[in-house]
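This is what each chain is made of:
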Amino acid sequence: MPLRQAHREIEKLKDALAYAEAIIDAIHEPLVVLYPDLTIRNANQKFYKTFKVAPEKAEEKLIYELDNGQWNIPELKIFLEKTLRTKTSYNDYEITIPFKKIGKKIMLFNARKIIMGGEKKPMILMVIEDVTDKKRYEQQAEKEKNILAENQRLQDISRQKDDFISMASHELKTPVTSIKAFAQLLEQDFADLGNTNAAKMLSRMNLQIVKLTSLIGDLLDISRIAGGKLQYHLSYFDFNEMLQDTVREMQLTTKIHTINLSLIEAPPVFGDKDRISQVLTNLLSNAIKYSPRADTIDVSTCIDEEFIRVCVRDCGIGIVKEKQDKIFQRFFRVNGAKEDTYPGLGLGLYISSEIIKRHGGCISVKSNKSRGSTFCFKIPVEGS
Ligand code: ADP
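As a starting point, this report considers the structure included with it. (Residues numbered from 1 in each chain as written. Predicted model: local features only at pLDDT ≥ 70, side-chain atom pairs only at ≥ 80, totals over all residues. Heavy atoms only, no water.)

Regarding its fold elements, the chain presents 11 helices and 12 strands. Relative to the 2.2 N^0.38 estimate, which gives 21 Å for 384 residues, the radius of gyration of the chain is 41 Å and therefore markedly larger than a compact globule would have. Judged by the C-alpha coordinates and their principal axes, the chain covers about 140 × 50 × 40 Å. Residues classed as buried in the chain amount to 35% of the 384 residues present. For the chain, long-range pairs separated by at least 24 residues make up 59% of all intrachain contacts whose partners lie at least 6 apart in sequence. With an accessible surface of roughly 23900 Å², the chain has 55% of that area assigned to carbon and sulfur atoms. Here the chain contributes 57 positively and 52 negatively charged side chains, and the mean placements of these two sets differ by 6 Å. (Helix = DSSP H or I, 4+ residues; strand = E, 2+ residues; numbered from the N terminus. Rg over C-alpha atoms; globule rule 2.2 N^0.38 Å. Buried < 20%, exposed > 50% of the residue type's maximum accessible area, 1.4 Å probe, protein only. Contact = heavy atoms within 4.5 Å. Areas by Shrake-Rupley, 256 points an atom, 1.4 Å probe, with all protein chains shown as cover. Lys, Arg positive; Asp, Glu negative; His and termini not counted. Charge placed at Lys NZ, Arg CZ, Asp CG, Glu CD.)

What follows covers the packing of helix α9 (residues 273–289) against helix α11 (residues 348–358). Following both chains from N to C, one finds α9 and α11 inclined at 145 degrees, their axes separated by 9 Å at the closest point. Here the hand of the crossing between α9 and α11 comes out left-handed. On the side of α9, the interface is formed by Arg275, Gln278, Val279, Asn282, Leu283 and Asn286, while α11 contributes Gly348, Leu349, Ile351, Ser352, Ile355 and Ile356. When its residues are assigned to classes, the contact of α9 with α11 shows six nonpolar, five polar and one charged. (Axes fitted to C-alpha atoms, helices over the stretch in contact; angles between N-to-C directions. Left-handed = near helix turned anticlockwise from the far one by under 90°. Nonpolar A, V, L, I, M, F, W, Y, C, P; charged D, E, K, R; others polar.)

Attention now goes to the pairing of strand β3 (residues 89–99). Here nine bridges tie β3 to strand β4 (residues 103–114), and the two strands are oriented antiparallel to one another. Paired with Thr96 across the strands is Ile106, a residue of β4. What sits between the antiparallel neighbours β3 and β4 is a turn of three residues. (Pairing = 2+ DSSP bridges.)

Core analysis: the largest hydrophobic core is formed by 40 residues, its most contacted members being Phe239, Leu284 and Phe377. Of all the secondary structure elements, the ones that give two or more residues to this core are α7 (196–226), α8 (239–251), α9, β9 (296–304), β10 (307–314), α11, β11 (362–368) and β12 (372–380). Here this core takes seven residues from α9, the largest share from any one element. Those residues within four positions of Phe377 in sequence are excluded, and the remaining contacts are Phe239, Ile276, Val279, Leu283, Ile308, Arg309, Val310, Ile356, Cys362 and Ile363. Core analysis: the second largest hydrophobic core is formed by 28 residues, Leu66, Phe99, Ala111 and Ile124 among them. (Core = buried A, V, L, I, M, F, W, Y, C linked by side-chain atoms within 4.5 Å.)

Time to look at the site of the ligand. Around the ligand, the surrounding shell holds 20 residues, and the nearest of these are Asn286, Tyr290, Asp314, Arg333 and Leu349. One of the backbone nitrogen or oxygen atoms of Gly346 is found 3.2 Å away from an oxygen atom of the ligand. Within the contact set of the ligand, a nitrogen atom lies 3.5 Å away from a side-chain nitrogen or oxygen of Ser373. A total of 530 Å² of accessible area belongs to the ligand in isolation, and the protein chains cover 96% of it. Breaking the shell around the ligand down by element, the ones donating at least two residues are α9, α11 and β12. (Near = heavy atom within 4 Å. Polar contact = N/O pair within 3.5 Å; in protein donor to acceptor, adjacent residues only side chain to side chain.)

Attention now goes to the sheet that holds strand β1 (residues 31–34). If you walk across this open sheet you meet the five strands as β2-β1-β5-β4-β3, and the pairing is antiparallel. With partners counted over all chains shown, the strands left at the sheet margins are β2 (40–43) and β3, one partner each. The sheet shows a mean angle of 25 degrees between the axes of neighbouring strands, direction not considered. As paired strands, β1 and strand β5 (residues 123–130) are joined by four bridges and run antiparallel to one another. The residue of β5 that forms the bridge with Leu31 is Val127. Each of β1, β3, β4 and β5 is contacted by helix α5 (residues 74–85), which is oriented at about 165 degrees to β3, the strand it contacts most.

Oppositely charged side chains can pair when the atoms bearing their charge come close. Within the structure shown, the criterion is met by 16 salt bridges. Linking Asp156 and Arg159 is a salt bridge whose minimum nitrogen-to-oxygen distance equals 3.0 Å. Linking Asp156 with Arg159, this pair stays in helix α6 (residues 132–192), spanning three residues, or about one helical turn. A salt bridge links Arg248 to Asp245; the nearest nitrogen and oxygen atoms lie 3.1 Å apart. On the criterion of helical spacing, the pair formed by Arg248 and Asp245 is a turn pair, its members being three residues apart in helix α8. When its relative accessible area of 30% is taken as the criterion, Asp245 is described as partly exposed. One network of salt bridges, with partners in common, ties together Lys161, Asp162 and Arg330. (Salt bridge = Lys/Arg side-chain N within 4 Å of Asp/Glu carboxyl O.)

The strand order β7-β9-β10-β12-β11 describes an open sheet built from five strands, whose pairing is mixed. Edge positions in the sheet fall to β7 (258–262) and β11, since each of these pairs with one other strand and no more. Along the sheet, successive strands turn relative to each other by an average axial angle of 15 degrees, direction set aside. The strands touched by α8 within the sheet are β7, β9, β10 and β12, with β7 carrying the most contacts at an inclination of about 170 degrees.

Overall, the coordinates contain one disulfide when judged by the stated rule. Each sulfur in the disulfide pair Cys311 and Cys376 lies 2.0 Å from the other. In this structure, the disulfide formed by Cys311 and Cys376 twists by about 110 degrees around the S-S bond and is classed as right-handed. Separated by 65 residues along the polypeptide, Cys311 in strand β10 and Cys376 in strand β12 bring together distant segments of the chain. By relative accessible area, which is 10% here, Cys376 ends up buried. The thiol of Cys315 is unpaired, and the distance to the nearest cysteine sulfur, on Cys311, comes to 14 Å. Residue classification places Cys315 among the partly exposed residues on the basis of a relative accessible area of 39%. Free of any disulfide, Cys362 has its nearest neighbouring cysteine sulfur in Cys376, separated by 9.7 Å. (Disulfide = S-S within 2.5 Å.)

Okay, here's the thing in structure tokens:
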């Protein structure tokens, strides 16, 4: 070959090499070329940058010696041996390497054997992809998927529980209503016959049936609230009359307490009279239940801007500050479910707050442990 032509060929080869090296450098993933004995021939910029090593500390060094032997790990050895043994390539081999400089990383190794020049043994071209973030994201997504599935499972269980409460309370309601009617008839009959002892016992039995009916009523109400089916019969009604009637009925349930009423002249109220009476009944029965050593309970009303406010004050056991915002939650009881000094299901205040909210008002408590509680609710009134 003439000398000039040989020069041209050499120039062409140099250009091709420069072109290949430029491509390697432009590749976005770390890439390294290894001699058959696994010393590093060269690597691209991304490799040096990612693993924070200088080219002079890497080139012509055994890959296992790189960066104080951090690459000297059994899995990588297995991978490289497999690559040397296989015919052309080895793909997507995942290895976790605890790098000192860049921390623990999950790397995906891809390798190709390349035959260069007259070399008999092949070199290895190895591309390393950092999939740590991708893996973390996948794990996170998996975790979120599991949490969603668990949430769904809990929601299903909760719905089954609500369905059961609803069904059980419906089933209980009819027989208890009949028992109540028969017990009242019997009480009357025994009283007419002059059997005062039996009449007294039946009167006590009636009281217990009233309590049972009220519990069943609460259970029915919470399942209706959960299903958005609590019905309201709205009309204008005489607010003070409703308060006086409710207080009169509740006074019959206690011999220890006197319920004092202090009412302002109330404007007409638009709402469900029975439901609001139910709220007052609940506040009064709590005031009675939770103040066994006191003898008075005060019910008062006042106008608060466009609302009428009703307050029920007792001198009972009170509620510690930290629990006051929780007592309107479903099933919450200050002393837990096992508290048998003051029996209850922790439903009354939840139902009351739902009723008051539906009337556009709110319910609140002020209390001091051992010094009594004041529960107030307010609902909108017209013309105040
Ligand atoms: P229940 O009385 O059936 O447990 P409630 O929903 O009516 O359910 O009340 C929730 C909790 O709030 C009660 O368990 C009790 O701990 C507390 N509580 C309610 N009213 C009073 C009160 N007047 N004095 C002290 N604690 C009260």
